[in-house]
Amino acid sequence: MSILPRRRMCFLLLLILSHPSAQAQEPATPEQAQEPVRVQRRLGKAPNQFQKSRYTLDRSEGTADRRTLVLAKGVDKVVDLDPGIEFPFPPEANSIRIGNVAVVNVAPIGIGKERQLIFQPLEPGETSVTIRDKSGAIRIIFDVLVANQNQVRFYERLRENLKEVEGITISLEDKNIVIRGEVLTLPDYAAIFSEIADKTYGEFVVSKVRMSSITLGILAKKIEQDLQTTVAQTLRVEVINGKIVLGGTVESADAKSRAFNRAFWYIPAARVKDSLANAPNMEFAEADKRSAFLQNDIAVNAPPPKRDSKLVRMTVYFVELTKDFLKSFGFKWAPGFTADPTIAVGSNPATGVATSGDGGFSFSATLSSLFPAISTPPSNASYGRVMKSGTVVVKSGEEGKMEDNIQIPTQTIAAGGVQGLGPSLNSAGFKISIRPTIMQGTDLDVDMDITQSSVVGKAAAGAPITSNHAIKTRVYMKSGEVAAVAAVNKQDVSTSFNRDDPNPTQSGGAAAGPRTSPLFNLQRSKNMSKAKGQFVIFISPLIIENASDGTEDLKKNFRMSSSTR
């Protein structure tokens, strides 16, 4: 006899003490059972366990020795009888009574003082065999179960391999081997299903074993303490219908999965196969088909949204600087006549028409541009600075957009010099799309897409001339710093000789009056121009806690307080 582990003995002792039969009345002795019932009633000692009705008793069966025999068809079984009990040999009528003679045959053998009974299984089935002694009292009752050889072999094999598991019974029922009971420990539970997973048992074995409610309760309490310590205080574990049910609430799906995995570690991994698909308390994961007593009923209650990131104030500056310088010099001498010269001979002074009868000679002409023209205008220069800025407050990691444009209409000149508005409009301003992301500390990752246009002049008929700039980049910066992220520099220097007319009026034409026919043209000119320009885009990020406190300087410009009254 093997010594039971201390833990199993404690469970067994607890179950035995809590069972109602442990406090039941002790059975009567055989001597008391043999007393006449009438005398026992008078003395107040009637054995209630044998009396089934007012006038019937089960004393004979209750006092008889009872034994179960499991026999395989075709295999005899020899049972030795106690030589201290006198059995009639040869047997007398009704000394050996077989309930179903088609199931088993009993042959008594008596050699000397040896008395034996040989059971010969005939057909699968159940029956009882009653043995009486010489006095006619029933001494032995055999409960005989006859089955096929394979079924009996599996039955004996299970009893041998599971003999260390307490709390279960193995019996033959019809064509099945049925295992019933409640086991106290998880290793015993896993051992049962690991054993019956053997394919050689086929469909003979039916398991109706459950975990003890006491064990499940202790295990559930231990799992609950662990989950409340490591995952969330709101988790609860209880036993419902033979299963350990995880309940309560967590804030995320990851916490729910983590709680179930930790609880799963308390369950032994019994590597079983399809033969356990219908076993109670058994559920299988598709991956490894591990035994599971657990049901996950944890609810995910997402916490109310909270501010998980800060705000960033982005300021973009557009700065454009221009500088122009022009210097010119010109000399032109082109003397000539403003009209065709005429020579008249014998002209009439009164009419101015020469006739052949008149005598005399005359010459008339107008000389213009007799003196040379010198053009030395003073040098001119211009300076300009255009500055524009835009500020937007955006959440870290989100995109902020801002746009500021002016629509400039175009002009048209119709027939007769009538001016009007054109069908299209020109835009001047800026458009900002920026996404700042706070990385670590005061470091920021800034992704930006900026376009800017401005009017730099006018063309013919007053059409505006615009200058466009665009930038798309991504930079790293620190909060509070100012950085130039784009710059465009231009410089135009030109010098020309003898290209420009210092005095266009000397060439005649409608604007110059009468046409002049120069005798000769002496012209010299020199023009020198220089233009410089620079366009720069600056950005300045600033991490702020809220939009109100981070824009105090803007509110001061409009005398706005931080709070409304």
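Residues numbered from 1 in each chain as written. Predicted model: local features only at pLDDT ≥ 70, side-chain atom pairs only at ≥ 80, totals over all residues. Heavy atoms only, no water.

Trainee: Quick question: what am I supposed to make of the overall build of the protein chain here?
Mentor: For the protein chain, the count of helices and strands is 9 helices and 28 strands. The buried share among the 565 residues of the protein chain stands at 30%. In the protein chain, of all internal contacts separated by at least 6 residues, the share reaching a separation of at least 24 is 65%. Surface exposure of the protein chain reaches about 35800 Å², of which carbon and sulfur atoms provide 52%. (Helix = DSSP H or I, 4+ residues; strand = E, 2+ residues; numbered from the N terminus. Buried < 20%, exposed > 50% of the residue type's maximum accessible area, 1.4 Å probe, protein only. Contact = heavy atoms within 4.5 Å. Areas by Shrake-Rupley, 256 points an atom, 1.4 Å probe, with all protein chains shown as cover.)

Trainee: Would you take a moment to explain helix α8 (residues 253–264) for this structure?
Mentor: Under the 1.5 Å per step criterion, the end-to-end length of α8 is 17 Å for 12 residues, consistent within 8% with the ideal 16 Å. Listed in full, the buried residues belonging to α8 are A255, A259, R262, A263 and F264. Close packing links the buried residues of α8 with α7 (213–230), β11 (235–240), β12 (243–250) and β13 (294–296). (Expected span 1.5 Å × (residues − 1).)

Trainee: Looking at this model, I keep getting lost on the sheet that holds strand β10 (residues 205–211). Mind explaining?
Mentor: Two pairing modes exist for strands in a sheet, parallel and antiparallel, and in both the strands are linked by backbone hydrogen bonds. One open sheet accounts for 3 strands, arranged β8-β9-β10; its pairing is mixed. Both edges of this open sheet fall to β8 (168–173) and β10, since each of them pairs with a single strand only. Going across the sheet, the axis of each strand differs from the next one's by a mean of 10°, ignoring polarity. Relative to β10, strand β9 (residues 176–183) is paired through 7 bridges, and the arrangement is parallel. Bridge pairing in β10 links G181 to V209. Where helix α6 (residues 186–196) meets the sheet, it contacts β8, β9 and β10, and its direction lies at approximately 170° from that of β10. (Pairing = 2+ DSSP bridges. Axes fitted to C-alpha atoms, helices over the stretch in contact; angles between N-to-C directions.)

Trainee: What should I look at first to understand the packing of aromatic side chains in this one?
Mentor: One pair of aromatic rings is described through two measures. These are the centre distance and the angle between the planes. Tallied over the full model, the rule gives 4 aromatic pairs. Just above the ring of F154 sits the side chain of R153; from NZ or CZ to the centre is 5.2 Å. (Phe/Tyr/Trp six-rings, centres within 6.5 Å; stacked < 30°, edge-to-face > 60°. Lys NZ or Arg CZ within 6 Å of the ring centre and 35° of its normal.)

Trainee: Got a minute to help me understand the nonpolar core in this structure?
Mentor: Taken as a class, soluble globular proteins show a tendency for nonpolar side chains to be buried jointly. Ranked by internal contacts, the top residues of the largest apolar core, which has 42 residues, are L158, L162, I168, I179, V183, I223 and I244. Those residues within four positions of I168 in sequence are excluded, and the remaining contacts are L162, I179, R180, G181, V183, I192 and V209. (Core = buried A, V, L, I, M, F, W, Y, C linked by side-chain atoms within 4.5 Å.)

Trainee: When you look at the pattern of salt bridges in this model, what are you seeing that I'm missing?
Mentor: Scanning the model with the defined rule gives 13 salt bridges in all. With a closest N to O distance of 3.1 Å, D133 and R139 form a salt bridge. R262 is the partner of D226 in a salt bridge, and the nearest nitrogen-oxygen pair spans 3.0 Å. One end of the pair, D226, is in helix α7; the other, R262, is in helix α8, and 36 residues separate them in sequence. Looking at D226, the relative accessible area reads 14%, which means it is buried. (Salt bridge = Lys/Arg side-chain N within 4 Å of Asp/Glu carboxyl O.)

Trainee: For this particular structure, what's the right way to read the environment of I465?
Mentor: Its place among the elements puts I465 in strand β25 (residues 464–478). For I465, a relative accessible area of 39% gives the class partly exposed. For the pair I465 and N426, spaced 39 residues apart in the sequence, the C-alpha separation amounts to 9.3 Å.

Trainee: I keep staring at the packing of α7 against α8 and nothing clicks. Help me out?
Mentor: Packed helices, taken two at a time, are described by their axes: the angle between them and the distance between them. For the pair α7 and α8, the least separation of the axes is 10 Å and the interaxial angle reads 140°. In this view, α7 runs oblique relative to α8, as classed from their interaxial angle. In this structure, α7 crosses over α8, and the sense of that crossing is right-handed. Here α7 contributes I223, D226, L227 and T230 to the contact with α8, which in turn contributes R258, A259, R262 and A263. Within the contact of α7 with α8, the residues separate by chemical class into 4 nonpolar, 1 polar and 3 charged. (Parallel < 35°, antiparallel > 145°, perpendicular 65-115°, else oblique. Left-handed = near helix turned anticlockwise from the far one by under 90°. Nonpolar A, V, L, I, M, F, W, Y, C, P; charged D, E, K, R; others polar.)

Trainee: Would you take a moment to explain the sheet that holds strand β6 (residues 125–132) for this structure?
Mentor: With respect to topology, 4 strands assemble into an open sheet ordered β1-β7-β6-β3, the strand pairing being mixed. Only two strands of the sheet have a single partner each, and these edge strands are β1 (65–72) and β3 (96–98). Neighbour-to-neighbour, the strand axes of the sheet open up by a mean angle of 20°, direction not taken into account. Here 3 bridges tie β3 to β6, and the two strands are oriented antiparallel to one another. By the bridge assignment, R97 is partnered in β6 with T130. Sitting on the sheet, helix α5 (residues 149–161) touches β1 and β7 (138–147), and the angle it makes with β1 is about 125°.

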